[in-house]
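Residues per chain, in single letters:
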Amino acid sequence: MDSKRVSELFEEYCSGSSIHGVRFFVGSERSVLVKIAWLAVFVLSLVGCGIMIQQAYNKWDRTPVIVTLSEVPTPVWDLTFPAVTICPEIKVSKERFNFTANFKTLFGDWYRDKNNSKFSTNVTDENIGKVKAIIHHCSGIYKNSKNFIFNLNHIHEPALVEFLKNVSLDRRNVLTLCGSTSDNKCTNYMQVSLTDEGVCYSFNMVSQNEMFRDDVLHGEYKHLERWDEDGKGMKGEDQVDTVRPTELLRVAGSGLDAAIGFNMVHFPLKIDTSCVRGRGYKVLLHESTTYPDLAKRHIRLPVSHSLTIAVKPNIMLTSPELTKYSPSKRQCYFEHERPLRYFRRYNQDNCELECLTNYTEKECGCVHFSMPHTNETRVCTLPEARCPSNARALLFIRKQKKNTTEDYLQLCDCLPSCASVRYDLQITQNANDEEKDFRSSLMSEEELQANLKLPVYSVLQIYFQDTHFIPAQRSELHGLVDFLANCGGLLGLFIGVSLLSIVELAYYIAVRPLSCRNQKF
């Protein structure tokens with residue numbers, strides 16, 4: 001097509017176009033100056049429109065998600081009661097193994113013979129190994145590299161987890177009473193769990209098979225065990241119905257009337273306190289599918305105290321329409337998007353615990369006995385016991401100046417779950433020993449010694465504060481339709497363009513020249 005015909009088509013299009021201002025580009029009755037002025041105005045309008053469309057695109061691309069509160073309150077009885085993990089700070093029963101006596105004997109014998117070439121002691125190698133195993137639970141000073149016990153590394157420790165369970169306090173003597181609103185026996189919801197704090201007791205948590213992937217997890221010992229595998233229950237409970245219910249305990253209501261209660265007891269003369277800092281309990285409330293990590297967060301229940309916890313759920317839901325966005329844009333993972341190696345269900349805490357396990361194995365060549373691992377991974381022995389703690393600090397504590405650019409936790413990519421639950425807690429604590437302290441000031445020494453034989457009780461109560469709560473929800477803020485509407489509005493505002501205007505332009509570029517060529521022939 002020659003230039004004359006192109007010029008005629010351009011003039012025809014401009015004269016009849018629905019785009020504003022284009023008709024002033026042509027016409028013999030208009031001067032060149034007028035045409036140039038209108039062309040400049042059109043170009044400036046087009047540039048301004050393009051800038052605003054770019055801003056609208058950036059807003060759609062970078063912040064497509066908004067978090068809002070639900071319009072309808074949700075009743076608490078639609079929720080599963082949170083899992084409760086209770087860890088005694090006392091790790092050893094003196095009746096099962098006298099750590100203090102064995103350690104003092106070893107300490108005295110070592111410093112007696114430290115200048116001699118040969119060390120002799122009345123403590124057997126078996127008991128030395130048991131002392132070393134218990135030090136895994138002890139405070140940091142016992143794990144100091146200058147501790148004499150590290151000169152006895154040639155003596156092997158017993159099977160660590162099995163031994164620590166054997167010397168721990170009898171769970172039925174510690175947790176003497178558990179009251180729930182369920183028709184099932186309370187202990188049917190209890191399990192013995194293995195955490196970074198050692199042997200603990202978990203209420204209303206999923207079982208080992210539901211928590212971990214059996215084909216990956218090691219088979220040396222269990223991280224979660226049923227409470228009544230031997231058929232015994234708590235004191236005062238009928239010995240019936242030892243089968244664990246398939247469903248988790250749900251919330252029965254709000255207020256103290258619907259509270260779950262735990263009564264813990266220990267006997268001061270039957271416990272070994274030489275290597276621990278406290279005698280109370282560490283408590284953690286968490287999701288039933290989350291494996292407890294008390295080093296990250298916990299509440300402390302001192303001995304001879306009552307602790308009342310009012311729970312307010314903080315639930316985050318995500319609209320299914322956000323599946324079309326990448327996890328980095330919505331800042332969460334749906335369960336099917338992020339399978340974990342050891343855990344069956346994804347949540348942020350499980351992901352971070354798995355990340356910590358992998359990082360600990362990378363840095364130490366072994367893992368803490370409470371961490372999930374494969375059959376090929378070693379559990380750290382006493383000389384290596386400080387390494388997992390150091391690895392945790394390196395992974396989770398953000399330094400202002402890092403010696404390396406690698407951020408292992410960021411590489412783990414542990415975003416929150418798209419359906420997650422957190423619990424806001426209001427805690428009330430009362431001491432139960434005011435009267436006892438007053439009476440102790442009036443007692444003789446013999447009476448005080450007899451008083452130490454009496455049990456010391458601690459009480460934990462947990463209830464939901466309100467009957468209803470309002471969950472939060474992630475939903476789409478700017479979808480494709482919103483972006484197209486913004487573009488259409490801006491194009492219409494600046495240059496009067498609509499969808500038909502674009503079709504009209506395509507017609508004059510692709511179809512009209514062909515029809516003119518056919519007319520010529």
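Let me begin by describing the structure that accompanies this report.

Description of the pattern of salt bridges
In total, this model carries 19 salt bridges according to the counting rule given. A salt bridge links Asp293 to Arg392, with the nearest nitrogen and oxygen atoms 2.9 Å apart. Highlighted residues: Asp293 in the loop between strand E11 (281-286) and strand E12 (299-301) and Arg392 in helix H10 (residues 386-396), separated in sequence by 99 residues. Residue Asp293 is classed as buried on the basis of its relative accessible area of 10%. By relative accessible area, which is 18% here, Arg392 ends up buried. A salt bridge links Asp349 to Arg297, with the nearest nitrogen and oxygen atoms 2.7 Å apart. Highlighted residues: Asp349 in helix H9 (residues 348-364) and Arg297 in the loop between E11 and E12, separated in sequence by 52 residues. Residue Asp349 is classed as buried on the basis of its relative accessible area, which comes to 11%. Judged by relative accessible area, Arg297 falls into the partly exposed class, the value being 35%. Here the salt bridges share partners, and the residues they tie into one network are Lys296, Arg297, Asp349, Glu352 and Arg422.

Some details on the environment of Phe267
One can find Phe267 in the loop between strand E9 (260-266) and strand E10 (271-272). Between the C-alpha atom of Phe267 and that of Tyr457, which follows or precedes it by 190 residues, the distance is 9.1 Å.

Let's talk about the packing of H9 against H10
Orientation of H9 relative to H10, taken along the N-to-C sense of each, is 120 degrees, at an axis distance of 9 Å. Between H9 and H10, the interaxial angle falls into the category oblique. The handedness of the crossing between H9 and H10 is right-handed. Together, Glu352, Cys355, Leu356, Tyr359, Thr360, Glu363 and Cys364 of H9 and Cys387, Pro388, Ala391, Arg392, Leu394, Leu395 and Phe396 of H10 make up the contact between the two elements. Grouping the amino acids of the contact of H9 with H10 by side-chain chemistry returns 10 nonpolar, 1 polar and 3 charged.

Considerations on the pairing of strand E6 (residues 190-195)
With 6 of 6 residues buried, E6 is to be regarded as a mostly interior element. Residues Met190, Val192 and Leu194 of E6 are buried on one face, and the alternating residues Gln191, Ser193 and Thr195, pointing to the opposite face, are buried as well. Where E6 lies against strand E7 (residues 198-203), 6 bridges are found, and the strand directions are antiparallel. Its bridge partner lying in E7, Gln191 is registered against Ser202. Between the end of E6 and the start of E7, which pair antiparallel, lie 2 residues. Pairing of E6 with strand E8 (residues 224-226), which is carried by 3 bridges, proceeds in the antiparallel orientation. Looking at the pairing, Gln191 lines up with Arg226 of E8.

Reading the values: rules and limits
Residues numbered from 1 in each chain as written. Predicted model: local features only at pLDDT ≥ 70, side-chain atom pairs only at ≥ 80, totals over all residues. Heavy atoms only, no water. Salt bridge = Lys/Arg side-chain N within 4 Å of Asp/Glu carboxyl O. Helix = DSSP H or I, 4+ residues; strand = E, 2+ residues; numbered from the N terminus. Buried < 20%, exposed > 50% of the residue type's maximum accessible area, 1.4 Å probe, protein only. Axes fitted to C-alpha atoms, helices over the stretch in contact; angles between N-to-C directions. Parallel < 35°, antiparallel > 145°, perpendicular 65-115°, else oblique. Left-handed = near helix turned anticlockwise from the far one by under 90°. Contact = heavy atoms within 4.5 Å. Nonpolar A, V, L, I, M, F, W, Y, C, P; charged D, E, K, R; others polar. Pairing = 2+ DSSP bridges.

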